[in-house]
Structures are given as structure tokens and as C-alpha cells.
Amino acid sequence: MSFAANNPDQPRPLRVALAGIGVVGGGVIRLLEANRDLITRRAGRPVEIVALNARDRNKDRGIDLSAYNWVDDMGALAQSDDVDVIVEMIGGADGPALTLARQALGAGKALVTANKAMIAHHGLDLARIAEEKDTPLKYEAAVAGGIPVIKAIREGASANEIARVYGILNGTCNYILTLMEREGAGYDEALAAAQAEGYAEADPTFDVEGIDAAHKLSILASLCFGTKLDINAVSTSGIRNLIADDIREAEALGHRVRLIGMAERDAERGLYQRVQPCLVPADHPLAYVPGALNAVVAEGNFVGRLFFEGAGAGAGPTASAIVADIIDIARDEYGPAFAMPVEALDQAPIADAGARIGKHYVRLVVEDRIGVLAEIATTMRDAGVSIESFIQRGNGSNNGVVIVLVTHEGPADAIQNAAASLGSSDFSVAPPMVMPILAL
Ligand code: NDP
Ligand code: HSE
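Described below are features of the structure shown in this document. This one's a predicted model, so the numbers in the text were calculated from it and none came from an experiment.

On a plain count of helices and strands, the chain comes out with 14 helices and 17 strands. What you see for the chain is a C-alpha radius of gyration of 24 Å, in line with the 22 Å of a compact globule of 440 residues. Projected onto the principal axes, the alpha-carbon positions of the chain cover approximately 85 × 50 × 35 Å. Counting across all 440 residues of the chain, residues that qualify as buried make up 55%. Taking the intrachain contacts of the chain between residues at least 6 apart in sequence as the baseline, contacts between residues at least 24 apart amount to 74%. About 18,700 Å² of surface is accessible on the chain, with carbon and sulfur atoms providing 47% of the total. Within the chain, the 57 negative side-chain charges are centred at a point lying 3 Å from the centre of the 38 positive side-chain charges.

A few words on the nonpolar core. Ranked by size, the top nonpolar core spans 92 residues in total, and within it L137, Y139, V149 and F338 carry the most contacts. Considering every element that reaches this core, the biggest residue donor is helix α10 (residues 211-225), with nine residues. Once you skip the residues sitting within four places of it in the chain, L137 turns out to touch L105, L111, I119, G123, L126, A127, A130 and A337.

Here we take up the site of ligand 1. Around ligand 1, 24 residues are found, and the nearest of them are V24, D56, R61, E201 and G314. Between ligand 1 and the protein, one listed contact pairs a nitrogen atom with a backbone N or O atom of G198 at 3.0 Å. Protein contacts shield 84% of the accessible area of ligand 1, which totals 890 Å² for the unbound molecule. Class assignment for the residues of the shell around ligand 1 results in ten nonpolar, eight polar and six charged.

Time to look at the side chain of T318. Within the secondary structure, T318 is located in helix α12 (residues 315-330). Exposure remark for T318: the relative accessible area of 8% places this residue in the buried category.

Its identity is not glycine, yet D134 carries a phi of approximately 50°, on the positive side. Inspection of the secondary structure assignment puts D134 in the loop between α5 (116-133) and β5 (137-138). Judged by its relative accessible area of 55%, D134 is exposed. Even without glycine at this site, A144 takes up a positive phi of about 60°. Mapping A144 onto the fold places it in the loop between β5 and α6 (149-156). Classification of A144 by relative accessible area gives buried; the value is 0%.

Before going further, it helps to examine the sheet that holds strand β14 (residues 387-392). One open sheet holds the four strands; their spatial order is β14-β15-β13-β17, and the pairing between them is antiparallel. Pairing within the sheet leaves two strands with one partner each, and these edge strands are β14 and β17 (428-436). Within this sheet the neighbouring strands show an average axis-to-axis angle of 15°, counted without direction. In this sheet, strand β15 (residues 401-407) lies alongside β14 in antiparallel orientation, the contact comprising five bridges. Bridging from a neighbouring strand, S389 pairs with V406 of β15. Contacts between helix α11 (residues 244-252) and the sheet are confined to β13 (360-366), β14, β15 and β17, with β13 contributing the most and set at about 135° to the helix.

So, about α10. Compared with an ideal rise of 1.5 Å per residue, which puts 15 residues at 21 Å, α10 spans 21 Å between its outermost C-alpha atoms and is within 8% of the ideal. Along α10, 14 of the 15 residues are buried, which leaves the element largely enclosed by surrounding structure.

How each quantity is defined
Residues numbered from 1 in each chain as written. Chains lettered and ligands numbered in written order. Predicted model: local features only at pLDDT ≥ 70, side-chain atom pairs only at ≥ 80, totals over all residues. Heavy atoms only, no water. Helix = DSSP H or I, 4+ residues; strand = E, 2+ residues; numbered from the N terminus. Rg over C-alpha atoms; globule rule 2.2 N^0.38 Å. Buried < 20%, exposed > 50% of the residue type's maximum accessible area, 1.4 Å probe, protein only. Contact = heavy atoms within 4.5 Å. Areas by Shrake-Rupley, 256 points an atom, 1.4 Å probe, with all protein chains shown as cover. Lys, Arg positive; Asp, Glu negative; His and termini not counted. Charge placed at Lys NZ, Arg CZ, Asp CG, Glu CD. Core = buried A, V, L, I, M, F, W, Y, C linked by side-chain atoms within 4.5 Å. Near = heavy atom within 4 Å. Polar contact = N/O pair within 3.5 Å; in protein donor to acceptor, adjacent residues only side chain to side chain. Nonpolar A, V, L, I, M, F, W, Y, C, P; charged D, E, K, R; others polar. Pairing = 2+ DSSP bridges. Axes fitted to C-alpha atoms, helices over the stretch in contact; angles between N-to-C directions. Expected span 1.5 Å × (residues − 1).

Written as C-alpha cells, this is what we have:
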């Protein structure tokens, strides 16, 4: 297979093959075409698309692909001597994306990927292959879309010990929460809008259940703490049980609801990693991050608090991150995928997220009848949960009455278990919602 002609008067082009021409792949082609000259000057040589691959050759992708070589066999791309870089934009932790990644790195090709699921599950194995073959494995687009946070932590902040990293890591969820907050949109309507914008994963439950954010958090945690990636150590819950009252009640309490991923290393308890909807104080910068934007906060022991914000999803921002990786490869600038060789990463003990102490917001929807409040108070007392404030607004309709409790500081598990027990009682008419109230 031969794709590119050599021109002895030009520096050797970097020859890239693109696998997956959907939202992200289409964005990469548009960006490489639109900024071709600038990219050539910045990369020190032309970046040439020498092959494309996706499932359906005949699909209308809204881009003229007639100038490019279409290849049906991805394995051949990985083996070809005429390809320097494979850009994987297919998605999925396993399957064709992983097969291609292994083939590409195994053949000594550079690999660029936007696939956080694959990196979260197989990043260490892929990094080992990349090290053995001394070839780049780059994944800037996998975390927080267009924000260059991988580069910032891997390189800019690499001298620091990082105590905590947290932020808004899923554009779809933030977009849904913002539409619910600002326009009173219903959850389903807001999710459909996020899908139409191309933000959501192929399976949007990955977004709304917090799994996508967990993938990204596990990658950030490894980079920040020098630990081995461990997606199974991230405890995860999503936004699916949120109702409009949660957004309003959070505001009344001086907070906003955001899906927050947080990782913290504690010398005694180990590494805590958690994704869950939280109440963020209205005066914290994270409360002001709207729409599909993402934001990441990293606290370094010498640099202090770093705050990164930008588009976390969508064709343009994700393409920006992918092409930045390609430019680095063109310049021959790369190092170990997780900032140090895999063997130097340590295995942190898993801290129990349920033991974490904090104030919590608990929302119940219950039948409005005699004895229900007494039952709630008794269940909380029996669980050892102390209540700071209690709100019931108006009369209950047939759909029940909303009750919001703010707890004093207590262990997350005890509060969650008490809420679950109330949720399973005969007076409960909707799943309860428990969210930590962050003191950031
Ligand atoms: P899309 O679903 O829009 O595109 C996926 C592409 O992969 C399509 O072109 C599809 O082919 C191709 N594909 C799927 N299965 C196969 C297969 N078996 N063999 C060959 N090609 C296949 O996804 P996105 O572009 O949104 O996402 C791609 C990756 O980027 C994912 O890992 C995602 O998590 C990540 N990402 C996405 C962001 C976003 O905002 N969308 C942001 C950051 C990362 P065909 O078109 O022919 O069906
Ligand atoms: N589905 C992801 C999100 C895409 O909504 O954030 C970016 O990783």
C-alpha cells in the first residue's frame, strides 16, 4: 500500500491515517484543511492525511472526502510503511478501537486518540507497548475536550506535588444542568439537545450516569498523583434522578448543582476518586461554568490553585486537542504517556468514598400525610444523621410533596443509606437524591 508521494524539496510530511470520521473525525479533517499553512509552520513540516477509515464508505458526512484515500482494512493502516500516525476516533473501551490501538503501537506507529474509555481501561497496557516501541501515545482530547489540561499537568505543572484535582468533566451533563437551570427545561428535552449538538457519547448513559466523567477522572488522577490508572476505584453516580426541584432548591440554598469528579490523595487513607452531582457554592468559579464547557482545578504544592476552563465536547474543540497532539508528534516532542514510565507509577490504596465526611443535601418526594415527617426524623436519627435544616414547601399534590434536608457533617454512606431506606418506604413517591454540599 502506498499513499504519499515524496517531494525531495519539502521536509518529510507527517503522514496521518484517520480512523473514525464522525463528529470528532470530521472536525479533525476540517481543522487540518482550514489551518493547513499555520499547522505546517508550527509543526515544522506538512501534516498530510494519507488514509481515512470508518464503517460506511458511502455515508454523507457533510465534508468533501474525494481527495482522500479510503481504506477498508484498519489493520492494514497500522502495518503500512506509509503511515506515521494513527488517529483513533472510533470510540469504545474495547472492540475495533482497542485492536487498532494495539496494532498501531505494536507496529511502532504513533497513536493519537480521543477515547477516554479505552485509555481508562487499557491505558497502562497501551503505554507499556508505546514504551517498548519508543513511540508516542497521546490522548489530550480524551479529557475535557479542547482544554489542554493533559499537557498542562504532564508538562507545565510537572514539578508539583498535587493534593487534589477536581472539576466538571462531562459536557453533556453540564449542558443538561444548565438548560434545566436557565430555561427550566426537562431532563429528557435537555439530553436530546445535547445529543443533537454532538456532545453525547454513542451510549448517552455513559454521560448521564457519570461513567464518562469517571474515565476522565481516573486519567487525571494517574497523571496528578503518579499512580497506576484504576477505573474500578472510581465510585460513580450520575444525574438521572435529578428533578427540577433539586435545581431550584440548590439555588435557594445559595448553590448550583454540578456533576463533579474529584480525586484526592490522603497519606493515611489512600486515593479517593468520586464522580457525583454536588451542590457547589454559587460564588465558586465552578458554579459559573455553563453549557458544554468543562473546568478542571488542580492544587499544586508550589504553583497553588490552577483553574482551566473551556469547551469540553464538540467537533471543533476536540479536533483542536487532537491536532495539537499531532503537531507535537511532528516535532518529535513526546514522553511517557502518564508523565513517567509505567513501572514508576505506584499503586495507591483505595480510600473509601463512602467514609468521606461532609454536609449533604437530601431530597425526598413523599406522600403528604400524618406520620411521614416523624418517620423521616426517626430514620435519620437511627442512622446517626444529624439534620441542620428541613424544608417542605406548600401542600403535596397527588405527585407528593418535596422535602429537602440539609444534614450536619456526617459520613456519606450513612446519609445515603438512610435516604435509600426512606426511598423504599411506602410513602416515598420518587427516588431520593443525595448530594454532598461542597466546601471548596
Ligand atoms: P461518532 O459516533 O460521531 O463517530 C464514530 C466514528 O467511528 C464514525 O465515523 C463510525 O463510522 C466509526 N466507527 C464506529 N464503529 C466502527 C468500526 N467498527 N469500524 C470502523 N469505524 C467505526 O463519535 P464521536 O466522533 O463523537 O466520538 C469519537 C471518539 O471521540 C469517542 O471515543 C468519544 O468518546 C471521543 N470524544 C468525543 C467528543 C465529542 O464531543 N463528540 C469529545 C471528546 C472525545 P460511520 O460514520 O461509518 O458509522
Ligand atoms: N460525551 C462527552 C461529554 C464528550 O459530554 O463531555 C467529551 O468527552
